[in-house]
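Survey of secondary and tertiary structure
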Amino acid sequence: QLTVPLAVVFAPGSVPGDLPRPLPFRDVQEMEIAVNVRTSITSRYEMVYRSTTAQEEAALNVATAREADAALHPLQDTSLGSLTVYVVPETSSLLPQGTRVYVGKHRSALLRAEGGLAALRTHLRQLTQVMSFTASSIAAALSDRVPDGHLSPDARRHLKSSLGMDVYPSPSHVVNWEIEDAVNRYVQPVLDKLSLVANFSVDSQILYYAVLGVTPRFDKESSSFILSAHSLPHVINPVEARLGSSAASLYPVLNFLLYVPERSHSPLYIQDKDGAPVSTNAFHSPRWGGIMIYNIEAPASPQASFPLHVDVDMVRVMEVFLAQLRLLFGLSREELPPEFLVEITGNEGLADWELDRLLWTHTMENIATVSTTLTSLAQLLDKIGNIVIKDDVASEVYRAVASAQNAMAELARGRLHSAFQASKEAVTSSERAFFDPSLLHLLYFPDDQKFAIYIPLFLPMAVPILLSLVKIVRETRQQKKEPTKMD
């Protein structure tokens, strides 16, 4: 059960006339999401309907929705997973003409009052699915349990939940690029926002004379070289073999490569499946990273000396890398209704409510991972009857179960932050128990293997001993049968 605390705040002149009770009052709406035959998720929205306070009215009395979002942020509930929707009058000038909903950078939104209670509930349902979670996002988080054919093509794109991740922005040519400044300005703010999800480390690497592994096709009409969509999967392996990033880390690694083609294959462009050029000249691989091709213009003078000193446009490069990073974390936004207006996050990379969406799905994924890990461990222990369970392994199992139960209870209470922390602790404990060296199945042999091993060793020694025992028994019986001589 996923519980989302939702506050619906009415500004003066925006209260529908068909509300069931006078303000303030509470309401609960539930919806069941079926993952498979044995797994279902209940989404529970605990709504509080109330009027604006004097401070909130003053914050709404500004010129633009962006200013209102910044002024309302200190006045609202900022706990993870919570949402606040401010309903403004239909004649309000805060929202542009034709815009019904404004989604801010934090955990609040502005909704233009149109119609009665039924229309309001419809807009609230759309808004909560945009800012919290949807059936598709839950299915993607539990993709291992969803039957084949029931997932969208993009459901397996994002990286699986992990306790730590490494991000490697890697160039592959001698160029002048301000990677440290670009990482601090564009990448680090996003990673700071995602610090609740996992621990991140960022490294850079330069590869000289790197090859793509495929030969681009020359196009006479455009006098350029082309990489078709079907050849892109063959590009990654040759480059990845030289990175060495995966071997240096125990955690999943995201690689973002800037590839400058050699002069003999320049300029180089990527074509999609329809044969149209890709505007960003970049592509990404699910759960691996992305590659951007950066073409360098040929010198105008034939007497130009080499190598050419080129300064990379880091703004253009980082825009592509951050877009790929959002896709790999499953932060691609749902298709929005035309009347929705979503605030641009700027250098921060993602809004607070987008972080909440990520935590909802990762918490569910962690709980499912713990369930699968402990089930596999139980099946292993059932197969090996003489296995020894140490006290520290047992305590890790108990801790994992308790943490998973705590995470589910916190989800039902609408406490996303504590639920996610408990799910991380459950994953850690279950992995420690499952991979404990004392539980290696090779340390324990079935009885038939023991007989197969020890009988060839002891049988040659046992034969003469048994024959000697038989001889002694025969002689003893024979002595008893002989009559005793009397003098």
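Given the structure is predicted, the values throughout are model-derived calculations rather than measurements.

Broken down by element type, the protein carries 11 helices and 15 strands. Sequence separation of 24 or more characterises 74% of the internal contacts of the protein that already satisfy a separation of 6 or more. On the protein, roughly 26600 Å² of surface is accessible, and the fraction owed to carbon and sulfur atoms is 55%.

On to the side chain of Asp 436. By secondary structure assignment, the location of Asp 436 is in the loop between helix H10 (416-434) and helix H11 (447-481). In this structure Asp 436 is buried but unpaired, with Lys 390 as the nearest side chain of opposite charge at 5.5 Å. Those residues in contact with Asp 436 that sit more than four places away from it in its chain are Asp 392 and Val 393.

Quick look at H10 now. When the terminal C-alpha atoms of H10 are compared, their 27 Å separation across 19 residues agrees well with the 27 Å that a helix rising 1.5 Å per residue should span. Those residues of H10 not exposed but buried are Leu 416, Ala 419, Phe 420, Ala 422, Ser 423, Lys 424, Ala 426, Val 427, Ser 429, Ser 430 and Ala 433. Packed against the buried residues of H10 are helix H8 (352-383) and helix H9 (391-412).

Turning our eyes to something else, we now look at the pattern of salt bridges. Per the counting criterion, the structure on display carries 16 salt bridges. Residue Arg 44 is joined to Glu 30 by a salt bridge in which the shortest nitrogen-to-oxygen separation is 2.6 Å. Remark: Glu 30 occurs in strand S2 (residues 25-34) and Arg 44 occurs in strand S3 (residues 40-51); sequence separation between them is 14 residues. When the shortest N-O distance is used, the salt bridge between Arg 107 and Asp 352 registers 3.9 Å.

Attention now goes to the sheet that holds strand S1 (residues 2-10). Strand order in the open sheet formed by 7 strands is S2-S3-S1-S4-S6-S5-S15, with mixed pairing between adjacent strands. This sheet does not close on itself; its edge strands, each paired only once, are S2 and strand S15 (340-342). Across the sheet, the mean angle separating the axes of adjacent strands is 20 degrees when strand polarity is ignored. With 5 bridges connecting them, S1 and strand S4 (residues 83-88) associate as parallel partners. Bridge pairing in S4 links Val 9 to Tyr 86. Strand contacts of helix H3 (residues 117-131): S1, S2, S3, S4, strand S5 (101-103), strand S6 (108-112) and S15, with the helix running at about 150 degrees to S6, the strand carrying the most contacts. Relative to the sheet, H8 contacts S1, S3, S5 and S15, its axis offset from that of S1 by approximately 160 degrees.

Bringing H3 into the picture now. When the terminal C-alpha atoms of H3 are compared, their 21 Å separation across 15 residues agrees well with the 21 Å that a helix rising 1.5 Å per residue should span. Turning to H3, its buried residues number three or more, namely Leu 117, Leu 120, His 123, Leu 124, Leu 127, Thr 128, Val 130 and Met 131. Angular distribution of buried residues about the axis of H3 spans 155 degrees; they occupy a single face of the element.

A two-sided burial pattern is seen for strand S10 (residues 224-227), the buried positions comprising Ser 224 and Ile 226 on one face and Phe 225 and Leu 227 on the other. If you look at the hairpin formed by strand S9 (residues 217-219) and S10, you'll find 4 residues sitting between the two strands, and Ser 223 has a positive phi there, around 55 degrees. Here 3 bridges tie S10 to strand S12 (residues 268-270), and the two strands are oriented parallel to one another. Paired with Leu 227 across the two strands is Ile 270, which belongs to S12.

Next up on the list: a nonpolar patch on the surface. Together, Phe 451, Ile 455, Leu 459, Val 463 and Leu 467 make up an exposed nonpolar region whose accessible area comes to about 500 Å². Along the chain, Ile 455 falls in helix H11.

Right, let's get into the UniProt feature "transmembrane region" (unreviewed entry) in the protein. When the UniProt feature table is mapped to this numbering, "transmembrane region" (unreviewed entry) covers residues 451-473. The span residues 451-473 shows a helical share of 100% and a strand share of 0%, and its end C-alpha atoms are spaced 28 Å apart.

Taken as a whole, this structure holds 8 aromatic pairs when the rule is applied. On the numbers, 4.8 Å between centres and 15 degrees between planes, the contact of Phe 25 with Tyr 49 is stacked. With Phe 25 in strand S2 and Tyr 49 in strand S3, this pair connects stretches of sequence that are 24 residues apart. Ring pairs connect the aromatic residues Phe 10, Phe 25 and Tyr 49, which therefore count as one cluster.

What counts, and at which threshold
- Residue numbering note: each chain is counted from 1, following its sequence as written.
- Selection of residues for local features in this predicted model requires a pLDDT of at least 70, selection of side-chain atom pairs for listing and counting requires 80 or more, and totals for whole chains, interfaces and linings are taken over all residues.
- Values shown for side chains rest on all heavy atoms present in the structure; no hydrogens or waters enter the calculation.
- Secondary structure elements follow DSSP: runs of H or I of four or more residues count as helices, runs of E of two or more count as strands, with numbering from the N terminus.
- Two residues qualify as a contact provided that any one of their heavy atoms is within 4.5 Å of a heavy atom in the partner residue.
- Areas reported here follow the Shrake-Rupley algorithm with a probe of radius 1.4 Å; residue values treat only the protein chains shown as occluding.
- Three exposure classes are used, based on accessible area relative to the maximum for each residue type with a 1.4 Å probe and protein chains only: buried under 20%, partly exposed in between, and exposed over 50%.
- Neither His nor the chain ends is counted toward charge; the positive residues are Lys and Arg and the negative residues Asp and Glu.
- Salt bridges are counted wherever a side-chain nitrogen of Lys or Arg sits within 4 Å of a carboxyl oxygen of Asp or Glu.
- A helix is expected to reach a length of 1.5 Å times the quantity of its residues less one.
- If DSSP finds at least two bridges between two strands, the strands pair.
- Working convention: axes come from line fits to C-alpha atoms, limited for helices to the stretch in contact. Angles between N-to-C directions cover 0 to 180 degrees.
- What the arc measures is the spread of directions leading from the helix axis to the C-beta atoms.
- Like charges are joined within 9 Å and nonpolar side chains (Val, Leu, Ile, Met, Phe, Trp, Tyr) within 5 Å, but only among residues with over 30% relative accessible area and no salt bridge; these make up the patches.
- UniProt positions are given in the numbering used here, feature names are shortened, and annotations may be inferred rather than shown by experiment.
- Under the pairing criterion, centres of Phe, Tyr and Trp rings, with the six-membered ring standing for Trp, must be within 6.5 Å; the plane angle then separates stacked pairs below 30 degrees from edge-to-face pairs above 60, leaving the rest tilted.

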